[in-house]
Amino acid sequence: MSEERSLNFIEEIIENDLKVGKYETLVTRFPPEPNGYLHIGHAKAICLNFGLTKKYGGYTNLRFDDTNPVTEKTEYVDSQQQDIKWLGFEWKNELYTSDYFDTLYDFAVTLIEKGLAYVDHGTADEIAALKGTPTEPGSASPYRSRSITENLELFSKMKAGDFEDGVCILRAKIDMTSPNMLMRDPIIYRIKHAEHHRTGNKWCIYPMYDFAHGQSDSIEEITHSICTLEYVSHRELYDWFIEKLEIFPSKQYEFARLNLTYTVMSKRKLLQLVNDGIVSGWNDPRMPTISGLRRRGYTPESIREFCERIGIAKRENLIELSLLEFCVREHLNKTSNRVMAVLDPIKLIITNYPEGKEETLIGENNPEAEDKGGTREIPFSSELWIEREDFMEEPAKKWFRLAPGAMVRLKNAYIVKCDDFRKDADGNVTEIYCTYIPESKSGEDTSEIHVKGTIHWVSTAHAKTAEVRIYDRLFSVESPDSEDGDFKDYLNKDSVKVIKQAYIEPFLANADLDSRYQFIRKGYYCLDTDSTPEQLVFNQTVGLKDAWAKAKK
RNA sequence: UGCCCGAUAGUAUAAAGGUAGUACAACGGUUUUUGGUACCGUUUGUCUAGGUUCGAAUCCUGGUCGGGCAACCA
């Protein structure tokens, strides 16, 4: 059944490592910094790391990379955990880089003792100046030659809180002339008198990313430490620390991060959208965050499928949003029940249907499901709401819907013929008059009449109302990041359209937050968390493909 | 004017020296009580110049283009 997917370069490395017996057990980790909400780009990394150990055995740790107390919060830890679980993955161990602060401190002492680290009292500017540039080598700091004893003492004082922020830092002693800027005596510990979300005020010195990440991987015996391309140049340092400290040799591999058209992906920019009130929050349905996609109605299955399809490689990429939309349509088409809702209503009156008469019709819930998803009852009467766009006073060519003299099928009901219509003073059509064909009832049609168009409807007497929110891309250009000027100059002004009063069939009154629906001929919808029993609110996840709309252009 | 990474249809991603394939997108058709779905078909590609080889997307050299690197961020 399962078709073969070719291996990506990381799978090739792993298969080879396993084959030659380099590792017994594959161990990966997902290491977010708890300073924001996870987005679809993180989903790619999550699916990769957890997917690898699911495929090859072994396990994946969740490690919060919390080495910067001023940006990190427990709120983010909680949301990130929720998002990973929702995506359908289970971590082996829940860990925090801050769990290793004692060990990391000892590692720093070891380095000092080996003469490979020193305390520098230069200011940030002085240190930057001596660092050189990418094209010019750096030069030694005046503090570079301090004795081991002095360094040990000063570092201990740093830990003890004897210095204010910024007075001094601990640096690795490597090579100020290295072509790799990161090897020019990188800072490994800085002083920050700040409260940490887990360790409180125990520490006033915190390790830098480069002095924490590889060692944490090593402590956990991570075999394959997978990260994004911007860390390529960090690998040399990563290996250097592991070698000098003589600890478990985790290996770092890098892949290209995800970029998606019509959105931005950096936490910084997403935070700006939230703070500027451009979106309602991290989980605004237009956001590319996991929580936004979830609220929008995306399913974990569809996001996992998307991550599978985009592949893993090392070249920069910009994935078309249409692929994500395809994945969610594909899943929702198979799993969601069909219902009828009229978003832009106009009244249709069946003149030969007895006034006051009602019928209960049966509709199948999902033609794609094996059991058709069961059936539901749909009330029918002489007065219906239909979609305004399903009537044309002067039909275009190839028009299959209602027009004077034209016939269509009402989904799950009868064929009707349009006899007349009314307009108001402004020329807007207000009512459409039809006659129905009694012997054309769905399921027992003996009329021999075949019509090309089928439209959805809701009985006016039985309709419930709901608010419907329809979303469009957040930005009007494919790559807001690469345009001139500020990315916010390219916002799509019409990224949300709110329909205050749509008519929905009574069945939908019992909609729950876990269900997704296909509004027939319209799209996929789910209940929004803003919903109340008095006021239902639906979000459009994605519209259906619309060949007619395309043909009109 | 340094170092590092990369370059295959519109977008992604395969082909480990031997038929350039797949998906999405686009376009056309068949089926259809959703102008949906399903199915069928069409268009479009190896950055460039050399070299190695019987044979190069793949190996080598030069060039071009794109990205990263000079936070007490991760």
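Just so it is clear, the model here is predicted, and its values are computed rather than measured.

*Asks:* Hey, could you go over the overall build of chain A for me, with residue numbers and the actual values?
*Replies:* From N to C terminus, chain A includes 13 helices and 25 strands. Against the 2.2 N^0.38 benchmark of 24 Å for 553 residues, chain A shows a C-alpha radius of gyration of 31 Å, more extended than a compact globule. Once the C-alpha set of chain A is aligned to its principal axes, its extents read approximately 100 × 55 × 40 Å. Buried positions account for 53% of the 553 residues belonging to chain A. The contacts of chain A with a sequence gap of at least 6 include a subset with a gap of at least 24, amounting to 71%. For chain A, the exposed area adds up to about 25800 Å²; of that, 47% sits on carbon and sulfur atoms. Here chain A contributes 71 positively and 91 negatively charged side chains, and the mean placements of these two sets differ by 3 Å.

*Asks:* Report on the environment of Arg 198, specifying residues and quantitative values.
*Replies:* Its place among the elements puts Arg 198 in the loop between β6 (187–191) and β7 (205–207). C-alpha separation for the pair Arg 198 and Pro 69, spaced 129 residues apart in sequence, amounts to 8.9 Å. Residues within four places of Arg 198 in sequence aside, it is in contact with Asp 66, Tyr 96, Ser 98 and Asp 99. One polar contact links Arg 198 to Asp 99, side chain to side chain, over a distance of 3.1 Å.

*Asks:* Explain helix α6 (residues 148–160) to me, using residue names and the numbers behind them.
*Replies:* Because each turn of an α-helix spans 3.6 residues, side chains separated by three or four positions in sequence point in the same direction. Between the first and last C-alpha of α6 there are 18 Å, a value that for 13 residues agrees with the 18 Å anticipated at 1.5 Å per step. Taken residue by residue, α6 has Asn 151, Leu 154, Phe 155 and Met 158 as its buried positions. The buried residues of α6 all sit within an arc of 100° when viewed along its axis, so they share a single face. Looking at α6, the residues exposed on the side facing more than 90 degrees away from the buried face are Thr 149 and Ala 160. Tucked into the core, α6 has its buried residues touching α4 (101–113), β4 (117–120), β5 (169–172), β6 and β7. Once α6 ends, the next one or two residues include Gly 161, with phi positive near 90°.

*Asks:* Describe the pairing of strand β9 (residues 251–255), with residues and values.
*Replies:* Within β9, four of the five residues are buried, which leaves it mostly tucked inside the rest of the structure. Sheet topology note: the strand β8 (residues 224–228)/β9 ladder contains five bridges and is parallel. Across the sheet, residue Ser 225 finds its bridge partner in β9, namely Gln 252. In terms of handedness, the path from β8 via helix α8 (residues 235–245) over to β9 forms a crossover that is right-handed.

Definitions and cut-offs
Residues numbered from 1 in each chain as written. Chains lettered and ligands numbered in written order. Predicted model: local features only at pLDDT ≥ 70, side-chain atom pairs only at ≥ 80, totals over all residues. Heavy atoms only, no water. Helix = DSSP H or I, 4+ residues; strand = E, 2+ residues; numbered from the N terminus. Rg over C-alpha atoms; globule rule 2.2 N^0.38 Å. Buried < 20%, exposed > 50% of the residue type's maximum accessible area, 1.4 Å probe, protein only. Contact = heavy atoms within 4.5 Å. Areas by Shrake-Rupley, 256 points an atom, 1.4 Å probe, with all protein chains shown as cover. Lys, Arg positive; Asp, Glu negative; His and termini not counted. Charge placed at Lys NZ, Arg CZ, Asp CG, Glu CD. Polar contact = N/O pair within 3.5 Å; in protein donor to acceptor, adjacent residues only side chain to side chain. Expected span 1.5 Å × (residues − 1). Arc of directions from axis to C-beta. Pairing = 2+ DSSP bridges. Right-handed = clockwise from strand over helix to strand, strands pointing away.

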